[in-house]
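Given next are the chains, with one letter for each unit.
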Amino acid sequence: MTPKLPAYAGLAALALLAALATRRPELVVVAAPFALAAALGLLLARTPSVDAEIELGAERTLEGDELDLRVTLVADAGAERVEVLLELPRELLVVDGENPVQLRLADGESRELAFRVRCTRWGGYRIGRIYLRTHDWFGLFRHEAVLDRRLPLKVYPSEENVRDLLQPLETQVFSGNHVARQKGEGIEFADLRPFVPGDRIRHVNWRASARRGELWINEHHAERNADVVILLDSFAEARRGDRSTLDPALRAAGTLAARYLRQKDRVGFVTFGGILNWLLPSTGAVQLYRIVDAMLDTAIILSFAWRDIRTVPRRTLPPQALVLALTPLLDDRSEAALLDLRGRGFDLVVIEISPLSLLPAPRGEAGVLADRLWRLRREAMRGRFERAGIPVAIWGDETSLAVALEEVSTYRRRARAVSV
Amino acid sequence: MVASDRLSVIPLGVGVAGCALMALALVSRWRSVFPVGIIGVGASYAVYLGVQNGAVDGAAPAVAAALFAASELGFWSLERSPSRSEATVLLRRVGALAGGALVTALVGSLVLVLTTGASGGVGLEAAGVAAAVLAIAAIARLASRPSV
């Protein structure tokens, strides 16, 4: 019942009493519409019965993409006005369609409401809680209902543009797309050696053999796959409004996982932070879905517990794996863990997700000083990484992931040249 | 003449107070005050009739229709619904409001014709008392219902 009903009944009663007291029929006329509205409203009052179903255009979509949603309303007992609100998370913006909307539903009528939403941020959502509010003809009675018809929707992070991937220093035993150091069956030329019984004729280098008067054989580098572990630092994040260092980190993780899996590598995923999650390295499209689903569960959980690399199961970090660490370098525990990893002989690369663009401008002399100290501390941290032989690439707003990866490749090439 | 002028100020004052209350309720979205404002405006009309103390006011149906339309519009604006109405719903609602005002005017005219034609008496008095009692009973019944 809305406040309108007692108000109208009260008005009618007062006017009628006044009419009696003053013996003026005009007041009966004034009372009449209110009394009639209240009486008719009471007579025609009934409980509406409206059901709703929701249909999603897709169960999985990419960040930034648009998605169609359809809400079907079926009224066994309709109402003059039905307000429909489809509850949507903040990250889904309605670009087409009215939400909430007020419509009329006659008895037995079925209506379809179409919405188009833009998925502005990655994440796992459940969509389909529908709020219904019905009003009768006179607006005297109101019924509210919540229908839970939620369906899962997974919004995956969008991909970054990457041309060349980092080549792992070591390869594994299975065939893949990386040129291994070891010699074996492959395409890439490695060396020449004299013929020995058992060598295949098609490996004979006829030009070298003609020049030397004996048979020489071409040797090739084997083509192998590699183990790649993407280590996501989830100890801390820098956040400003809707922007966070976690978002580019996840986009990079998704892109790198997809690209490495496409070239037959085994890819593992570790979320190293307040909550530790891991996926053992594996190959194929299924693994990509596993990784992306694990990424959707990633959240920054504040924790003060000390956590080092020993907490990560051994099988998650296979020997000779290339470990790509995506970190904003905001927590000492991640720094210690990365140095520990390098100390254990892993081929480690740090991609620093720069939090600088998310920081407010320092205010006052003390603020400027604190900002300088903080930046110096970060520089010192990068210095420690470089001294340990860990390449660090900074990925910020000004650069792309491709540039950051290219920096690392250049660093590794130079480091190899120096060590040779 | 002077006394009559003074008396005519009373309904004006009551009406202005009623309108001010309605305006306050609409501006501050104070729902419970709005009916009080309507009562104020209605009371001003009652006082005006008392002051006039003359023949039946022929404008009563128009006053009733205006008061009804004003209260409907006021309650509409107090609904605070964020949802956008479809054109059909909006048209039907506006049509219902206009129809309600028209019916009020017509029924009011009919009531006036009937009451001015009747010579009064115990029967009419009894009908009036019964209507008032019924209205109060309806209020009591409504008050006992849980609100949504």
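Note that the coordinates shown come from a computational prediction; the quantities given were computed from them, not determined experimentally. (Residues numbered from 1 in each chain as written. Chains lettered and ligands numbered in written order. Predicted model: local features only at pLDDT ≥ 70, side-chain atom pairs only at ≥ 80, totals over all residues.)

This paragraph deals with the overall build of chain B. The number of helices and strands found in chain B is five helices and one strand. Here chain B, with 148 residues, has 25% of them falling under the buried criterion. A separation of at least 24 residues holds for 70% of the contacts in chain B among residues at least 6 apart in sequence. (Helix = DSSP H or I, 4+ residues; strand = E, 2+ residues; numbered from the N terminus. Buried ≥ 20, exposed ≤ 12 C-beta atoms within 10 Å, placed from the backbone. Contact = placed C-beta atoms within 7 Å.)

This part takes up the interface of chain A and chain B. Often, the extent of an interface is quoted as the loss of accessible area on bringing the components together. Contacts between the two partners involve 46 residues from chain A and, on the opposite side, 50 residues from chain B. When contributions to the side of chain A that touches chain B are tallied by element, the ones reaching two or more residues are α1 (4-22), α2 (25-44), β4 (79-86), β6 (101-105) and β9 (142-156) of chain A. It is α1 of chain A that provides the largest number of residues to the side of chain A that touches chain B, a total of 17 residues. Per-class residue counts for the side of chain A that touches chain B are 32 nonpolar, five polar and nine charged. In the sheet, β6 of chain A pairs with strand β1 (residues 84-85) of chain B via two bridges, with the strands oriented parallel. Residue Val-101 of chain A lies in a different strand from β1 of chain B, and its bridge partner there is Arg-84 of chain B. (Nonpolar A, V, L, I, M, F, W, Y, C, P; charged D, E, K, R; others polar. Pairing = 2+ DSSP bridges.)

Turning our eyes to something else, we now look at helix α2 (residues 34-52) of chain B. Here α2 of chain B spans 27 Å end to end across 19 residues, near enough to the 27 Å set by a 1.5 Å rise per residue. What α2 of chain B keeps buried is the set Phe-34, Pro-35, Gly-37, Ile-38, Val-41, Gly-42, Ser-44, Tyr-45, Ala-46, Val-47 and Leu-49 of chain B. (Expected span 1.5 Å × (residues − 1).)

In space, the six strands of this open sheet follow the order β2(A)-β9(A)-β8(A)-β4(A)-β6(A)-β1(B), with mixed pairing throughout. The open sheet is flanked by β2 (60-62) of chain A together with β1 of chain B, the only strands paired with a single partner. With 12 bridges joining them, strand β8 (residues 123-135) of chain A and β9 of chain A adopt antiparallel strand pairing. The partner of His-135 of chain A across the bridge, within β9 of chain A, is Arg-142 of chain A.

Now for the nonpolar core. Counting residues in each nonpolar core, the largest one holds 76 residues, and the members touching the most others are Ile-230, Ala-253, Val-323, Leu-324, Ala-325, Leu-326 and Ile-351 of chain A. Top contributing element to this core by residue count: helix α4 (residues 246-262) of chain A, with nine residues. Taken domain by domain, the makeup of this core includes at least three residues from each of domain 2 (49-156) and domain 4 (227-419) of chain A. Here Leu-326 of chain A is in contact with Ile-230, Leu-232, Asp-233, Ala-249, Ala-252, Ala-253, Ile-351 and Ile-353 of chain A, once residues within four sequence places are set aside. One finds Ala-18 and Val-28 of chain A together with Tyr-45 and Leu-49 of chain B within the second-largest nonpolar core, a separate group that totals 45 residues. (Core = buried A, V, L, I, M, F, W, Y, C linked by C-beta atoms within 7 Å. Domains from an automatic or database assignment.)

Residue and element names in this part refer to chain B. With 73% of its residues at a pLDDT of 70 or more, chain B has an overall mean of 77. Per-residue pLDDT, averaged within each element of chain B, yields its smallest value for helix α5 (residues 122-144) (62) and its largest for helix α3 (residues 60-77) (88). Both scores are available for the predicted complex, with the pTM at 0.67 and the ipTM at 0.77. (pLDDT = per-residue confidence, 0-100.)

A word on the environment of Glu-59 of chain A. Residue and element names in this part refer to chain A. With respect to the helices and strands, Glu-59 occurs in the loop between β1 (49-56) and β2. A tally of 10 C-beta atoms within 10 Å means that Glu-59 is categorised as exposed. In this structure, the C-alpha to C-alpha distance between Glu-59 and Pro-152, residues 93 residues apart in sequence, is 6.7 Å.

Residues and elements named next belong to chain B. Where α2 meets α3, the axes come as close as 11 Å, and the angle between the chain directions of the two elements is 170 degrees. With respect to each other, α2 and α3 are oriented roughly antiparallel. Only Val-63, Leu-67, Ser-71 and Gly-74 of α3 make contact with α2, whose side of the interface consists of Phe-34, Ile-38, Val-41, Gly-42 and Tyr-45. Tallied by class, residues from the contact of α2 with α3 come to six nonpolar, three polar and no charged. (Axes fitted to C-alpha atoms, helices over the stretch in contact; angles between N-to-C directions. Parallel < 35°, antiparallel > 145°, perpendicular 65-115°, else oblique.)

Looking now at the sheet that holds strand β20 (residues 392-395) of chain A. Residue and element names in this part refer to chain A. One open sheet holds the six strands; their spatial order is β17-β16-β13-β18-β19-β20, and the pairing between them is mixed. In the strand order of this sheet, the two ends are held by β17 (277-282) and β20, each with one partner. For this sheet, the mean angle separating the axes of adjacent strands, direction not counted, is 20 degrees. As defined by bridge partners, strand β18 (residues 322-327) adjoins strand β19 (residues 347-353) across six bridges and the pair is classed as parallel. Looking at β19, one finds that Leu-326 is bridged to Ile-351.

Let us look at the packing of α1 of chain A against α2 of chain A. All names here are of chain A. Put simply, α1 and α2 touch, their axes get as near as 8 Å, and they point 150 degrees apart. It follows that α1 is roughly antiparallel to α2 by the angle criterion. Seen along the crossing, α1 lies across α2 with a hand that is left-handed. Only Pro-25, Leu-27, Val-28, Val-30, Ala-31, Phe-34, Ala-35, Ala-37, Ala-38 and Gly-41 of α2 make contact with α1, whose side of the interface consists of Leu-5, Tyr-8, Ala-9, Leu-11, Ala-12, Ala-15, Leu-16, Ala-18, Ala-19 and Thr-22. Across the contact of α1 with α2, the residue classes tally to 18 nonpolar, two polar and no charged. (Left-handed = near helix turned anticlockwise from the far one by under 90°.)

Next up on the list: unusual backbone geometry. A negative phi angle is the norm for most residues apart from glycine, just as the trans form is the norm for most peptide bonds. Residue Pro-100 of chain A is bonded to the preceding Asn-99 of chain A through a cis peptide linkage, with omega at 5 degrees. Within the secondary structure layout, Pro-100 of chain A lies in the loop between β5 (92-96) and β6. Unlike most non-glycine residues, Leu-329 of chain A shows phi in positive territory, near 50 degrees. Phi is positive for Arg-29 of chain B, which is not a glycine, with a value near 55 degrees. Turning to its location among the elements, Arg-29 of chain B is positioned in the loop between α1 (2-28) and α2. Assessed through the 11 C-beta atoms surrounding it within 10 Å, Arg-29 of chain B is described here as exposed.

What follows is about α4 of chain A. Residue and element names in this part refer to chain A. In this model α4 runs 24 Å from its N-terminal to its C-terminal C-alpha over 17 residues, within 8% of the 24 Å that 1.5 Å per residue would give. When you tally the buried positions in α4, you get 12 out of 17 residues, the bulk of the element. Here α4 has its buried residues at Leu-246, Pro-248, Ala-249, Leu-250, Arg-251, Ala-252, Ala-253, Gly-254, Leu-256, Ala-257, Tyr-260 and Leu-261. Phi turns positive one or two residues past the end of α4, at Lys-264, with a value near 70 degrees.

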